[in-house]
Amino acid sequence: MLLKEYRICMPLTVEEYRIGQLYMISKHSHEQSDRGEGVEVVQNEPYEDPEHGQGQFTEKRVYLNSKLPSWARAVVPKIFYVTEKAWNYYPYTITEYTCSFLPKFSIHIETKYEDNKGCNDNIFDTELKDQEREVCFVDIAYDEIPERYYKDSEDLRYFKSDKTSRGILQEGWRDTQEPVMCSYKLVTVKFEVWGLQTRVEQYVHKVVRDVLLLGHRQAFAWVDEWIDMSLDDVRNYERKMHEKTNIKVWLEQQETNPSLLDDIEIHDKAST
């Protein structure tokens, strides 16, 4: 098991980020769905928890075989998807990733949001305080992003919002920017297979960090698209984008492999 705590600051308030996050995830999922890969939304509905109260539950299938490294593609089936389950009780969320044919693999992400600069060392439950973990600050403007994800329009060293007048983000912006909030993410990666555990867990954390960096960059780079939205507005946008993305993924799967849906059903039955 490899545990890391990521802290990602944003030039937003926690309430603003609630809208921006939902917008970013929906738009990003649609953009990344291509060639039969991407994100299919299975469930998205209100959920009530006795401890955390009212929230939203989502279940997604993330198809990403071609995005795996070559050594991983050699050992996974051609039909490959990860199940994502998320419970959103904003400003607290839980996200879990599992794979039906790798029962010893899982990712657990616990997230809390606060209006500060990432200075809260005791934000997670007291029973986690003594667990050994690395704290990693992620700078949305100055940390290096994989070249395949880079876009000039999303380079926050040069971006300025027309509607909020926030940006350009200078070196050390976290200490001078107002407003500023922090996304605290406690990420646990487990792959309990002897001989592969360390390699896989380190690789997965690298992927998680890249995804967090890209998503938070986009949430601010797209701020002028969502800043005027209400929660109802962004939920409507989310629903429409989910429908479009599901259709896009399904059609491309049928085109590239007409028997894919039957094969997925067989995998699902085998895992239950």
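Owing to the predicted nature of the structure, the values given are computational and were not obtained by experimental measurement.

Draft legend 1. Local environment of the nonpolar core. If you look at the biggest cluster of nonpolar residues, it comprises 52 residues, and the most contacted ones within it are Y6, M10, L12, Y17, L156 and F220. Mapped onto this core, the elements with two or more residues apiece are strand 1 (2-10), helix 1 (14-32), strand 6 (102-114), strand 7 (134-138), strand 8 (181-191), helix 4 (197-221), helix 5 (223-226) and helix 6 (231-256). With 9 residues, the top contributor of residues to this core is helix 4. Beyond its immediate stretch of four places on either side in the chain, Y6 contacts C136, V138, S183, Y184, K185, V187, H205, V208, R209 and L212.

Draft legend 2. Region of the structure containing the packing of aromatic side chains. The full count for this structure, using the stated rule, is 8 aromatic pairs. Ring geometry for Y23 against W222: centres 6.5 Å apart, planes inclined by 80°, an arrangement best described as edge-to-face. Residue Y23 is located in helix 1, and its partner W222 is located in the loop between helix 4 and helix 5; the two are separated by 199 residues in the primary sequence. Here Y23 and W222 have matching classes, each one buried.

Draft legend 3. Focus on the pattern of salt bridges. Inspection of the entire model under this criterion finds 13 salt bridges. Residues E5 and R7 are paired through a salt bridge, measuring 2.7 Å at the closest nitrogen-oxygen approach. Of the residues examined, R7 reaches a relative accessible area of 4% and is grouped as buried. With a closest N to O distance of 3.0 Å, D228 and K163 form a salt bridge. Linking D228 in the loop between helix 5 and helix 6 with K163 in the loop between strand 7 and helix 3 (173-176), this pair joins segments that are 65 residues apart in sequence. For D228, a relative accessible area of 62% corresponds to the exposed category. Here the salt bridges share partners, and the residues they tie into one network are E5, R7, D121 and R133.

Draft legend 4. Molecular detail of the pairing of strand 1. Here strand 1 lies mainly inside the structure; 8 of its 9 residues are buried. In this structure, strand 1 lies alongside strand 8, joined through 9 bridges in antiparallel fashion. Within the sheet, the bridge partner assigned to M10 lies in strand 8 and is M181.

Draft legend 5. Structural detail: the confidence of the model for the chain. In this model, the chain carries an average pLDDT of 85, and 81% of its residues clear a pLDDT of 70 or more. Of all the helices and strands in the chain, helix 7 (residues 260-271) carries the lowest mean pLDDT, 46, while helix 5 carries the highest, 98. Predicted confidence is poor over residues 263-272, with pLDDT under 50, and the contacts of this stretch with residues over four places away or in other chains come to 8 contacts.

Cut-offs and rules
- Residues numbered from 1 in each chain as written.
- Predicted model: local features only at pLDDT ≥ 70, side-chain atom pairs only at ≥ 80, totals over all residues.
- Heavy atoms only, no water.
- Core = buried A, V, L, I, M, F, W, Y, C linked by side-chain atoms within 4.5 Å.
- Buried < 20%, exposed > 50% of the residue type's maximum accessible area, 1.4 Å probe, protein only.
- Helix = DSSP H or I, 4+ residues; strand = E, 2+ residues; numbered from the N terminus.
- Contact = heavy atoms within 4.5 Å.
- Phe/Tyr/Trp six-rings, centres within 6.5 Å; stacked < 30°, edge-to-face > 60°.
- Salt bridge = Lys/Arg side-chain N within 4 Å of Asp/Glu carboxyl O.
- Pairing = 2+ DSSP bridges.
- pLDDT = per-residue confidence, 0-100.

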